[in-house]
Amino acid sequence: MYSGLEVRVPFCDYRVVEYAFNLPWTLKACSGREKGIVREAFRGLLPDSIIDRKKSPYPKTHHPLYFRLCASAVKEILDDKHSPLAGILDRSGVEEIIGHPDKIASPWYGQLMRAPQILAYIIQLDYWFRKNAVTIEA
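Anyway, here's the lowdown on the structure attached to this text.

Procedures and definitions
Residues numbered from 1 in each chain as written. Predicted model: local features only at pLDDT ≥ 70, side-chain atom pairs only at ≥ 80, totals over all residues. Heavy atoms only, no water. Axes fitted to C-alpha atoms, helices over the stretch in contact; angles between N-to-C directions. Helix = DSSP H or I, 4+ residues; strand = E, 2+ residues; numbered from the N terminus. Parallel < 35°, antiparallel > 145°, perpendicular 65-115°, else oblique. Left-handed = near helix turned anticlockwise from the far one by under 90°. Contact = heavy atoms within 4.5 Å. Nonpolar A, V, L, I, M, F, W, Y, C, P; charged D, E, K, R; others polar. Buried < 20%, exposed > 50% of the residue type's maximum accessible area, 1.4 Å probe, protein only. Arc of directions from axis to C-beta. Expected span 1.5 Å × (residues − 1).

1. Considerations on the packing of helix H6 (residues 91-99) against helix H7 (residues 115-131)
Consideration 1: Running from N to C, H6 and H7 cross one another at 135 degrees; their axes reach a closest spacing of 9 Å. The angle between H6 and H7 places the two elements in the oblique class. As for the relative orientation of H6 and H7, their crossing is left-handed in sense. Each of Val-94, Ile-97 and Ile-98 in H6 lies in contact with H7, whose residues at this interface are Ala-115, Ile-118, Leu-119 and Ile-122.
Consideration 2: Partitioned by chemical class, the residues of the contact of H6 with H7 number seven nonpolar, no polar and no charged.

2. Quick look at H6
Consideration 1: When we look at burial in H6, the residues that qualify are Val-94, Ile-97 and Ile-98. Down the axis of H6, the sector holding all buried residues measures 100 degrees, keeping them to one side.

3. Digging into helix H5 (residues 64-79)
Consideration 1: An ideal rise of 1.5 Å per residue puts 22 Å on 16 residues; H5 measures up with 23 Å between its terminal C-alpha atoms.
Consideration 2: For H5, every residue scored as buried is listed here: Phe-67, Cys-70, Ala-71, Val-74, Ile-77 and Leu-78. In a view along the axis of H5, the buried residues occupy a sector of 120 degrees, so they form one face of it. In H5, the exposed positions angled more than 90 degrees off the buried face are occupied by Arg-68, Leu-69, Glu-76 and Asp-79.
Consideration 3: Where H5 is buried, its residues touch H6 and H7.

Now the structure itself:
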């Protein structure tokens, strides 16, 4: 913007986003596929190999170290009696996620939220609660 150059991604235009947000799911997922309406809109304009390819979720890490680091950080949160989350987290539930991450067969939220992402979410919540001095009263 400083140089007068503005790059726009068509799907980020607020009018397209507002329109798409209000579409019924049956239309968004036409042909039973995620982004079905977009796929059909561009059929014939883009190669079928692009139209029909499997969606590649972003961001998502499959590296085992990421899970271990998140699990370690969440364990520290669970053990910290001063954590704002101490009174609201289901400790046994979180420990179950850490101990058996593959038991989460379907996403918790969206398309990505499995064990590592749930743990990362807990870390982010703890950080945000502390940074904003959030207190939770029973």
